[in-house]
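Residue strings, one per chain:
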Amino acid sequence: MQTFGNQLVYFAFFQSLFLLCVYLFSAKNRKNINGYIAFLIFVLFIGLSGRVLHISKIFGNNFRLITVSEFAILLFGATVFLFTKSCLNNLRFNKKDLIHYIPAVAYIIFVVCYFMIPSDTLIVERIQTGALYKVVNTLVAIGLTFNCTYWILSLKQFLQFKNNLKNELSYTLKTQFFLNFLIAIGICLLVWIGLYVISFLGLETIEREARQFIWLGIAFIILFIAYHGMIAPGLFRIQSLNISQKYSQSKLSHTDLDRLKTQLENLMIAKKPYLNSKLLKAELATMLGISNPELARLLNERIGMNFFDFVNYYRTKEFIILAKTEKAKELTFFGLAQEAGFNSKTTFNKAFRSLMGASPSAYFNNKI
């Protein structure tokens with residue numbers, strides 16, 4: 001098992017080195033790939049370097065070399081968060097982002113001062129008294145807390161972004177690949193927490209040995225993402241959105257809102273803008289002759305729906321009408337749904353079930 005683990009370390013190390021070289025020496029890939037994912041590869045390179053130096057014994061059997069891996073611990077979570085933030089908000093590097101790395105710098109300085117600079121005699125003394133293991137456990141706890149916190153912040157950013165989409169878009173963006181990335185890292189962190197907890201039951205050896213495989217798991221996730229980010233940069237190039245400003249300054253009276261509600265309903269029936277599968281709230285606001293924030297207020301205060309649900313409500317009604325025509329004999333349910341403006345089978349099924357209380361097949365079978 002140890003040999004297999006070492007082989008994986010070497011593979012991940014050289015793969016990260018290869019991707020770094022591709023990024024550094026290829027102007028095309030440098031332009032395509034997100035800078036933070038490139039820095040994540042560098043963080044992995046640092047983390048794996050200590051392990052490679054230790055198991056290769058290039059500089060002898062110096063146990064201090066493996067502590068080089070510790071330099072990457074606090075860099076990891078912050079970079080995942082900044083990568084998430086930059087992708088979802090279409091942001092570039094900002095010097096203010098460096099504040100997230102201050103704890104990592106302090107952590108690295110402590111590791112160097114406590115593990116690398118002291119003499120062998122002092123290190124052995126700390127091992128014998130148990131002081132070193134207490135410090136190691138404390139550092140692991142700090143690393144886990146720090147990385148889990150940033151993972152939660154990353155997930156929160158993603159969920160907030162998904163929620164904002166429903167206020168601006170009438171269709172579903174493909175963000176599953178990004179979500180899978182966060183889930184995979186979350187699973188690795190969860191397993192690491194479990195192992196850390198059982199280490200207090202006298203199973204420190206198991207925790208120490210398994211920890212390297214968790215780190216390798218995270219390494220392969222990042223390498224996989226980095227590779228796909230280079231060959232298919234659109235995976236993380238999520239559409240930039242102009243999210244509506246808060247409508248607290250809207251000057252529309254209650255009478256205006258009532259009038260606009262009637263106009264909006266007439267517009268949806270007469271012009272059927274929902275048939276446009278890529279309809280944006282800004283486009284519908286222009287058709288109605290009001291601003292984007294004012295339409296947001298109208299939907300919230302008079303319709304009681306977000307933009308996504310509102311448009312898909314009309315698409316569902318259109319689907320039901322189409323399902324009773326001759327066209328229904330030529331197309332599948334999803335084919336009809338596309339005619340009604342849906343661009344996603346999942347969205348269609350959810351919208352139909354929400355409105356009619358049953359799946360399309362169950363609803364029409366019962367009708368028949």
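All values derive from a computational prediction rather than experimental measurement.

A. The arrangement of the overall build of the protein in detail. Helix and strand content of the protein: 16 helices and 0 strands. Looking at the protein as a whole, 46% of its 368 residues qualify as buried. Once local pairs closer than 6 in sequence are excluded, the contacts in the protein between residues at least 24 apart make up 72%. Approximately 19,800 Å² of the protein is accessible, and the part contributed by carbon and sulfur atoms is 61%.

B. Representation of the environment of Gly289. Relative to the elements of secondary structure, Gly289 occurs in the loop between helix 11 (281–288) and helix 12 (292–303). Relative accessible area serves as the criterion here: at 63%, Gly289 is assigned to the exposed category. Distance in space between the C-alpha atoms of Gly289 and Leu260 is 9.6 Å, their sequence separation being 29 residues.

C. Here's a closer look at unusual backbone geometry. Backbone geometry places Lys272, a non-glycine residue, at a positive phi of 50 degrees. Structurally, Lys272 is set in the loop between helix 10 (254–270) and helix 11.

D. Region of interest: the packing of helix 5 (residues 102–116) against helix 7 (residues 131–168). Contact pair helix 5 / helix 7: the axes reach a minimum separation of 13 Å and the direction vectors enclose 165 degrees. Judged by the angle between their axes, helix 5 and helix 7 are roughly antiparallel. Crossing handedness for the pair helix 5 and helix 7: left-handed. Residues Pro103, Tyr107, Phe110, Val111, Tyr114 and Phe115 of helix 5 pack against Ala131, Leu132, Val135, Val136, Leu139, Ile142 and Phe146 of helix 7.

E. Quick peek at the pattern of salt bridges. Taken as a whole and judged by the stated rule, the model has 6 salt bridges. Between Arg259 and Asp256 there is a salt bridge whose closest N-O contact spans 3.4 Å. One end of the pair, Arg259, and the other, Asp256, are both in helix 10, 3 residues apart, so they sit about a helical turn from each other. Take Arg259: its relative accessible area is 40%, and that puts it in the partly exposed class. We note a salt bridge from Arg297 to Glu301, for which the minimum N-O separation is 3.2 Å. Of this pair, Arg297 and Glu301 both sit in helix 12, 4 residues apart, roughly one helical turn.

F. Focus on the nonpolar core. Of all hydrophobic cores here, the largest spans 64 residues; its most connected members are Phe76, Val80, Phe83, Phe115, Phe181, Ile185 and Ile222. Elements that contribute at least two residues to this core include exactly helix 1 (2–25), helix 3 (35–56), helix 4 (73–89), helix 5, helix 7, helix 8 (176–198) and helix 9 (204–231). Setting aside chain neighbours within four positions, we find Ile185 in contact with Phe76, Val80, Trp151, Ile221 and Ile222. Listed in part, the 19 residues of the second largest apolar core include Tyr274, Leu279, Leu284 and Ile290.

G. Structural context of the side chain of Asn292. Mapped onto the elements of the fold, Asn292 is located in helix 12. Looking at Asn292, the relative accessible area reads 16%, which means it is buried.

H. Focus on the side chain of Arg126. Positionally, Arg126 belongs in helix 6 (residues 120–129). Although Arg126 is buried, it forms no salt bridge, and the closest oppositely charged side chain is Glu125 at an N-O distance of 7.4 Å. Among the polar contacts made by the side chain of Arg126, one reaches the main-chain carbonyl oxygen of Tyr114 at a distance of 2.7 Å. When near neighbours in sequence (up to four residues on either side) are disregarded, Arg126 contacts Tyr114, Pro118, Ala131 and Leu132.

I. Up close: helix 4. Relative to the 24 Å expected for 17 residues at 1.5 Å per residue, helix 4 spans 26 Å between its end C-alpha atoms, a close match to the ideal helical length. Following helix 4 by one or two positions, Asn90 has its phi on the positive side, about 55 degrees.

J. Region of the structure containing the packing of aromatic side chains. Overall, the coordinates contain 18 aromatic pairs when judged by the stated rule. Between Tyr274 and Tyr314 the ring centres are 5.9 Å apart and the planes differ by 25 degrees, which places this aromatic pair in the stacked class. Here Tyr274, found in the loop between helix 10 and helix 11, pairs with Tyr314, found in helix 13 (residues 307–322); they are 40 residues apart in sequence, far enough to count as distant. For the pair Tyr274 and Tyr314, a shared accessibility class is recorded, and that class is buried. With a centroid separation of 5.7 Å and 90 degrees between ring planes, the pair formed by Phe319 and Phe352 is classed as edge-to-face. Note that Phe319 is positioned in helix 13 and Phe352 in helix 15 (residues 345–356), a separation of 33 residues in sequence. Grouping residues by exposure puts Phe319 and Phe352 together as buried. Here the aromatic residues Phe319, Phe333, Phe342, Phe348, Phe352 and Tyr363 are joined through ring pairs into a cluster of three or more.

K. Just a nonpolar patch on the surface, in detail. A surface patch of nonpolar side chains, about 250 Å² in accessible area, is lined by Ile183, Ile187 and Val191. Relative to the elements of secondary structure, Ile187 occurs in helix 8.

The rules behind these values
Residues numbered from 1 in each chain as written. Predicted model: local features only at pLDDT ≥ 70, side-chain atom pairs only at ≥ 80, totals over all residues. Heavy atoms only, no water. Helix = DSSP H or I, 4+ residues; strand = E, 2+ residues; numbered from the N terminus. Buried < 20%, exposed > 50% of the residue type's maximum accessible area, 1.4 Å probe, protein only. Contact = heavy atoms within 4.5 Å. Areas by Shrake-Rupley, 256 points an atom, 1.4 Å probe, with all protein chains shown as cover. Axes fitted to C-alpha atoms, helices over the stretch in contact; angles between N-to-C directions. Parallel < 35°, antiparallel > 145°, perpendicular 65-115°, else oblique. Left-handed = near helix turned anticlockwise from the far one by under 90°. Salt bridge = Lys/Arg side-chain N within 4 Å of Asp/Glu carboxyl O. Core = buried A, V, L, I, M, F, W, Y, C linked by side-chain atoms within 4.5 Å. Lys, Arg positive; Asp, Glu negative; His and termini not counted. Polar contact = N/O pair within 3.5 Å; in protein donor to acceptor, adjacent residues only side chain to side chain. Expected span 1.5 Å × (residues − 1). Phe/Tyr/Trp six-rings, centres within 6.5 Å; stacked < 30°, edge-to-face > 60°. Patch = residues over 30% accessible without salt bridge, like charges linked within 9 Å, V, L, I, M, F, W, Y side chains within 5 Å.

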